Amino acid sequence: MQVGDRANVDKGPSPSGGEVRFPGSDGSSVPFEVYSSKEIYDLEQERIFRGPTWNYLALEAELPEPGDFKSTFVGDTPVVVTRTQEGEFAAWVNRCAHRGAIVCREKRGNAKSHACIYHQWSYNAHGDLEGVPFRRGVQGVAGMPESFDLKQNGLRKLRVASYKGLLFASFSDEVAPLTDYLGERMLPGIDRIFHKPIEFLGATRQYIHGNWKLYMENVRDGYHASLLHTFHATFNLVRSNQKARVIGDTSDLHTCGDLFITPDPSGASDYKDIATFKDKLSLEYPQIVENRQEFEELVANHLQCIFPQLVIMQIQNVLAVRQVLPKAPDEFELIFHFFGYADDSPEMRRHRVTQMNLVGAAGLISMEDGTAIELVQDGIKSGPQGHSIALMGLEAAEEDQERVPMAENHIRRFWRGYQRLMGF
């Protein structure tokens, strides 16, 4: 079948009663509808985020003490993750069992219990209902029914699991155990970054007017890296001729990519005709791109994508996990959670914090990503229906796809896994 041949399409259910059409099942062509349809977005919440997946919540290091809590989301469902008084972790839907109001309104903090301001129903760190004002009524009149049971009226709880200090939650009773879900091909990349205790350093938050899947494509896309990002190309952080190792797991959901440091700091001979290479651009503080070796391998860029919404990142010496939170078909929140190692020297800690300027909303590298995603969203929101394509490396051998960063095979993998979970 030719790519784009509509005579042979994979059809999936659409909430509107229509059909979602993927031209072929290899993930190389994607209908624009999946980036803009509210009906598909709602179906994703059910089948992906509340389906058989593990969603990243927090770093254990963000919640070091009993009673520590953090408000976040699974998909667009508000949840709270807490460290209980017993030192365990719990997560629950941030929605009062009485009338559905948001219970916890703070981003993070420490509390032994959480009370809804509407009627003061209170819950412990596990999400169990502990108190109901006027439960017996006033002077014994007009209270809750005798059959009302506190134990049966707590908050909706999620399953919680942890690996190497990364906390995940799931609505599903059928999802595989976390290490099986991550898969044996992904565990070494996580082990590499989280090989010793960490300290949480802070977070940045950014709203991008685009579909959440555009970002999860972007971080799997080595093709754009040196073509879009001037900082990458000019200062030798990412170039198309770098040694690379990009692997996927057997489920087609997760990807781990490493780009290794190249010896040539100028690269002018190879990059003089690339638009993003600026030979007159220089740094007043060159240390911002310095890679101080702290791993056995000299990796300049490590991006590990865990479906559906986690990216584990090392760029030079800045370490972070990125969390993608969908808000609407054309909007998501992107949070960078920065960390260092607990045994960092003061000098190394300063170096890491300085290098945080490479990423985030105004990052010297990553500021163009949000713009590119919004340009795509603007381009596809109206007009005739169409498809995006991901054909780079389609006919290459698997071993070549895993060593050439600009191959788009891991975008295709993402879409194959997505179609399977969505039933398309």
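**A short note on the overall build of the protein chain**
Within the protein chain, the secondary structure is distributed over twelve helices and 21 strands. Scaling as 2.2 N^0.38, a compact globule of 424 residues should have a C-alpha radius of gyration of about 22 Å, and the protein chain matches this with 23 Å. Principal axes of the C-alpha set define a box for the protein chain whose edges measure 85 × 60 × 35 Å. Per-residue burial for the protein chain yields a buried fraction of 54% across its 424 residues. Long-range contacts, defined here as pairs at least 24 residues apart, represent 64% of the contacts in the protein chain between residues at least 6 apart. With the model as given, the accessible surface of the protein chain reaches about 19,100 Å², and the carbon-plus-sulfur share is 50%.

**Observations concerning the side chain of His232**
Within the element layout of this structure, His232 appears in helix H7 (residues 230-234). Accessibility expressed as a relative area gives 5% for His232, which makes it buried.

**Digging into the pattern of salt bridges**
Enumeration according to the criterion identifies 19 salt bridges in this entry. For the salt bridge of Arg108 with Glu62, the shortest nitrogen-to-oxygen distance reads 2.8 Å. You can see Arg108 sitting in strand S8 (residues 108-110) and its partner Glu62 sitting in the loop between strand S4 (55-59) and strand S5 (68-74), a full 46 residues away along the chain. With its nearest N and O atoms 2.7 Å apart, the salt bridge here joins Arg352 to Glu294. A residue pair is termed long-range when its members are at least 10 positions apart, and Arg352 in helix H9 (residues 346-355) and Glu294 in the loop between helix H8 (268-271) and strand S17 (299-306) qualify at 58 residues. For Arg352, a relative accessible area of 1% corresponds to the buried category. For Glu294, a relative accessible area of 25% gives the class partly exposed.

**Comments concerning the sheet that holds S5**
Taken in spatial order, the seven strands line up as S4-S13-S12-S7-S6-S5-S8 in an open sheet, and their pairing is antiparallel. With partners counted over all chains shown, the strands left at the sheet margins are S4 and S8, one partner each. Shown here is a sheet whose adjacent strand axes are inclined to one another by a mean of 30°, direction ignored. Pairing of strand S7 (residues 89-93) with strand S12 (residues 157-163) involves two bridges; the strand directions are antiparallel. Note that in S12 the partner of Ala91 across the bridge is Leu158.

**A few points about empty space enclosed by the protein**
Counted according to the given criterion, the structure contains three cavities of 30 Å³ or more. One number sums up the size of the largest cavity: a volume of about 390 Å³. Along the walls of the largest cavity sit 30 residues, with Val219, Asp221, Gly222, Asn301 and Leu303 positioned nearest its centre. Listing elements by their share of the lining of the largest cavity, those giving two or more residues are strand S16 (255-260), S17 and helix H12 (409-422). Broken down by element, the lining of the largest cavity gets its largest block of residues, four residues, from S16. Its residues placed into classes, the lining of the largest cavity shows 13 nonpolar, twelve polar and five charged.

**Details of the pairing of strand S15 (residues 244-248)**
The buried fraction of S15 amounts to four of the five residues, a majority that puts the element mostly inside the structure. Two strands pair when backbone bridges link them, and S15 and S16 are joined in this way by five bridges, in the antiparallel orientation. Paired with Ala244 across the two strands is Leu259, which belongs to S16. Counting the residues that bridge the hairpin from S15 to S16 gives six residues, and of these Asp252 lies at a positive phi of roughly 65°.

**A short note on the layout of surface pockets**
Considering only enclosed or pocket space, the largest pocket measures out at about 370 Å³ in volume. Only strand S3 (29-31), helix H5 (212-218), helix H10 (367-380), strand S21 (387-389) and H12 provide two or more residues apiece to the lining of the largest pocket. Ranked by the residues each element gives to the lining of the largest pocket, the list is headed by H10, at four residues. A breakdown of the residues in the lining of the largest pocket according to their chemical character gives 13 nonpolar, six polar and three charged. Considering the residues around the second largest pocket, the lining is formed by Ser71, Thr72, Phe73, Pro78, Asn94, Ile102, Cys104, Arg105, Glu106, Lys107 and Arg205. Here the lining of the second largest pocket takes three residues from S5, the largest share from any one element.

Scoring rules and cut-offs
Think of each chain on its own: its residues are numbered from 1, step by step along the sequence as written. Note on the predicted model: pLDDT of at least 70 is required for a residue's local features to be given, and 80 or more for side-chain atom pairs to be given and counted; whole-chain, interface and lining totals, by contrast, use all residues. Water and hydrogen atoms were dropped before computing side-chain values, which therefore reflect all heavy atoms in the structure. Going along the chain from the N terminus, every DSSP run of H or I of four or more residues is numbered as a helix, and every run of E of two or more is numbered as a strand. C-alpha atoms define the radius of gyration in this analysis, and the globule rule sets the expected value at 2.2 Å times the number of residues to the power 0.38. A 1.4 Å probe rolled over the protein chains alone gives each residue an accessible area, and that area as a share of the maximum for its type sets the label: buried under 20%, exposed over 50%, partly exposed in between. Should any heavy atoms of two residues lie within 4.5 Å, those residues are considered in contact. Per-residue and other accessible areas were derived by the Shrake-Rupley procedure at a 1.4 Å probe size, with only the shown protein chains allowed to occlude residues. Whenever Lys or Arg places a side-chain nitrogen within 4 Å of a carboxyl oxygen from Asp or Glu, that contact is recorded as a salt bridge. Strand pairing follows a simple DSSP-based rule, namely that at least 2 bridges must link the two strands. Fitted lines through C-alpha atoms give the axes, limited to the stretch in contact for helices. The angle between two N-to-C directions lies from 0 to 180 degrees. Here a cavity denotes a set of grid points, spaced 1 Å apart and computed over the protein atoms alone, in which a 1.4 Å probe fits but from which it cannot get out, and a pocket denotes an open set meeting protein on both sides within 12 Å along at least five of seven lines; residues with an atom within 4 Å of a point are reported as lining. Grid points are joined across faces, edges and corners, and a volume is the space filled by probe spheres set on the points. Under this grouping Gly is polar, as are all residues other than the nonpolar Ala, Val, Leu, Ile, Met, Phe, Trp, Tyr, Cys and Pro and the charged Asp, Glu, Lys and Arg.

Treat this as a map of the structure, not an account of what it does.
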